[in-house]
Every structure is written in structure tokens, then in C-alpha cells.
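Each chain, written out:
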Amino acid sequence: MQSRTTRIAVWDKLIRLFHWSLLAAVVISFYTTKTTGQPFLFPIEVHAQSGYIIIGLLVFRFIWGLVGSPYARFSTFLYGPKKTAGYAKALMTRRAPHYASHNPVGGWMVVLLLVSLGFQVLSGLFLSDDIFFQAPLYGLLGPAVGDVLARLHSLNSDLLLILIGLHLVGLVWHTLQGERLVPAMLTGVKRFSNVPADEKPAAYRAQKRYAIGALLVAAGVSGWLWFY
């Protein structure tokens, strides 16, 4: 007898757009600082612009994490220490339950990535390369604070690479356990042989006005920084 497969629409269109847009912007940001930046004519400008886009994307994700679709909400995938530790233990023994949204460990990894990215782009608003480029808020906090932020900006970029590496390791691990996470982030649908631990009502729809509002605020923030 074949086991019944449960299909659940997990990731809404806006979350999927956010995810792949953020990936593209982060890749451009790292490329324009860790390489020569070719073929971009002014890599530092492109680096800054990708940062402005990331800020807008993070603003959207914060809003959508509060009022968006169920599986996108922080309240759905952030768990307390006891449950997170229990899941981590079960994960090591390959007995961890499946979750439609992020599992307890994955949820906190998402938060770490968002916080690290947030610090990276916000600290970048106060920096200058002393030659071609000055960020919108350069000099606002004084040279001493600016120097500290510049050092932390550099250190955090390395931390961010480590977190991204751990994220990819987790992706590979779950893929080996039979979870098709990449296709799910493309189609929005996950398939389960059993009902996931965090199943939500399928009939829920995020209110359209929230989506429009979140997009407008995010676009406004990015646009202001871009043309400042």
C-alpha cells in the first residue's frame, strides 16, 4: 500500500520573491567586494545599491513576518529553548519531525541570518571608501564611531559567510533526508508523507492590503536610500 502524500502550500509568492531577490542581492554584494568587481564600471556603487535593495527586502520581511501568511510569520517558526534543543537532539538521531515552515533550529538560523544581514547593510550606511563613495549617513556619528563600524562591517561579512555556509549545510542535510526544500521555494508547495508538526489551516489568505502596504514601505525605504 502506497503512503498518502500531503501537499501543503507553504511559501506564498511574496516570500519566494523575497528569498530569490535577497539571494541575488547578497551575491552581488559579496562579488563586488571580494573580487575586482568586473564587469561593473563602479563596483563600489553597485555594492552600495545592492545594500539599499537588501535593506528594503529586510523591511518587507520584518513586516511580512508579523502580518503575512501563516508559514511566513515569526510566531510560526520561532520556538523556545527547550523545544529547539529537543529538535536538535532528534535531528542528530534522524528522528526529527517534519515542519511545513522552518523547523525550530532552522527558524533561529533564519533569525541569525537576518540580524547579521541587517547589521551589515545598516552599518554600511555610515561608511566611505575615502575616494569615490560616501554612504548616505557617512559622518553622522563622527569619525570614531565610523571607524568602529567599518571594522565591524568587515568582521560581520566573514560571520555572514559562515552563517550562509551553515545554511547551505542544513539545506543539504534536509535534502538527504528527503525534504525537497529548493523545489518548495520555487513552487511554494511542500510534500509530506505525514502531517507536519506545524500544520496551519489551508484556507487562510494573507490580506491584500497588508501585502501592498509592506511592498510600498519596503520600496520607499530602498528608493529613498538609492536616490539620497
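Residues numbered from 1 in each chain as written. Predicted model: local features only at pLDDT ≥ 70, side-chain atom pairs only at ≥ 80, totals over all residues. Heavy atoms only, no water.

**Some remarks on the overall build of the protein**
Right, on to step 1. Counting secondary structure elements, the protein contains 8 helices and 2 strands.
Right, on to step 2. With the C-alpha coordinates of the protein rotated into their principal frame, the extents come out at 70 × 40 × 35 Å.
Right, on to step 3. Relative to all contacts within the protein whose residues are 6 or more apart in sequence, the contacts with residues 24 or more apart total 72%.
Right, on to step 4. Here the protein contributes 20 positive and 9 negative side-chain charges, whose respective centroids are spaced 19 Å apart. (Helix = DSSP H or I, 4+ residues; strand = E, 2+ residues; numbered from the N terminus. Contact = heavy atoms within 4.5 Å. Lys, Arg positive; Asp, Glu negative; His and termini not counted. Charge placed at Lys NZ, Arg CZ, Asp CG, Glu CD.)

**Here's the deal with a nonpolar patch on the surface**
Right, on to step 1. A contiguous nonpolar patch, built from Trp20, Leu23, Val27, Val182 and Leu186 and spanning about 430 Å² of accessible area, is present on the exposed surface.
Right, on to step 2. Looking at the nonpolar patch, the elements that each hand over two or more residues are helix H1 (13–34) and helix H7 (181–187).
Right, on to step 3. Here the nonpolar patch gets 3 residues from one element, more than from any other, and that element is H1.
Right, on to step 4. Within the fold, leucine 23 resides in helix H1. (Patch = residues over 30% accessible without salt bridge, like charges linked within 9 Å, V, L, I, M, F, W, Y side chains within 5 Å. Areas by Shrake-Rupley, 256 points an atom, 1.4 Å probe, with all protein chains shown as cover. Salt bridge = Lys/Arg side-chain N within 4 Å of Asp/Glu carboxyl O.)

**Topic: the packing of H1 against helix H2 (residues 43–67)**
Right, on to step 1. It is at 9 Å that the axes of H1 and H2 come closest, and there the two elements cross at 155°. Classified by the angle their axes make, H1 and H2 are roughly antiparallel. At the point where H1 passes H2, the crossing takes the left-handed sense. Residue-level inspection shows Leu14, Ile15, Phe18, Ser21, Leu22, Ala25, Val26, Ile28, Ser29, Thr32 and Thr33 of H1 in contact with H2, the latter providing Pro43, Val46, His47, Ser50, Gly51, Ile53, Ile54, Leu57, Leu58, Phe60, Arg61 and Trp64. (Axes fitted to C-alpha atoms, helices over the stretch in contact; angles between N-to-C directions. Parallel < 35°, antiparallel > 145°, perpendicular 65-115°, else oblique. Left-handed = near helix turned anticlockwise from the far one by under 90°.)

**Focus: the pairing of strand S1 (residues 6–9)**
Right, on to step 1. Residues Thr6 and Ile8 of S1 are buried on one face, while the alternating residues Arg7 and Ala9, pointing to the opposite face, are not.
Right, on to step 2. Taken together, the 4 bridges between S1 and strand S2 (residues 189–192) define a ladder with antiparallel strand orientation. What sits directly across from alanine 9, in S2, is valine 189. (Buried < 20%, exposed > 50% of the residue type's maximum accessible area, 1.4 Å probe, protein only. Pairing = 2+ DSSP bridges.)

**Observations concerning unusual backbone geometry**
Right, on to step 1. The peptide bond linking glutamine 38 to proline 39 adopts the cis configuration, its omega dihedral lying at 10°.
Right, on to step 2. Counting through the fold element by element, proline 39 comes out in the loop between H1 and H2.

**Some points on the side chain of arginine 16**
Right, on to step 1. Relative to the assigned elements, arginine 16 resides in helix H1.
Right, on to step 2. One buried charged residue, arginine 16, forms no salt bridge at all, with the nearest opposite charge on aspartate 12 at 6.5 Å.
Right, on to step 3. Separated by 3.2 Å, the side chain of arginine 16 and the backbone oxygen of threonine 187 make a polar contact.
Right, on to step 4. Ignoring sequence-local partners within four residues, the contact set of arginine 16 consists of Trp11, Ala184, Met185, Leu186, Thr187 and Gly188. (Polar contact = N/O pair within 3.5 Å; in protein donor to acceptor, adjacent residues only side chain to side chain.)

**Some thoughts on the nonpolar core**
Right, on to step 1. Grouped together as the largest cluster of nonpolar side chains are 43 residues, with contacts concentrated most on Leu22, Ile54, Phe60, Trp64 and Leu117.
Right, on to step 2. Elements with a contribution of two residues or more to this core: H1, H2, helix H3 (74–77), helix H5 (104–124), helix H6 (143–176) and helix H8 (208–227).
Right, on to step 3. The leading source of residues in this core is H2, at 8 residues. (Core = buried A, V, L, I, M, F, W, Y, C linked by side-chain atoms within 4.5 Å.)

**What about the side chain of arginine 61?**
Right, on to step 1. Examined against the element boundaries, arginine 61 turns out to sit in helix H2.
Right, on to step 2. Within the buried core, arginine 61 has no salt-bridge partner, and the shortest N-O distance to an opposite charge, that of aspartate 12, equals 7.6 Å.
Right, on to step 3. Other than its neighbours up to four places away in sequence, arginine 61 contacts Ile15, Phe18, Ala72, Phe74, Phe77 and Leu114.

Everything listed here is a matter of geometry and, on its own, says nothing about what the molecule does.
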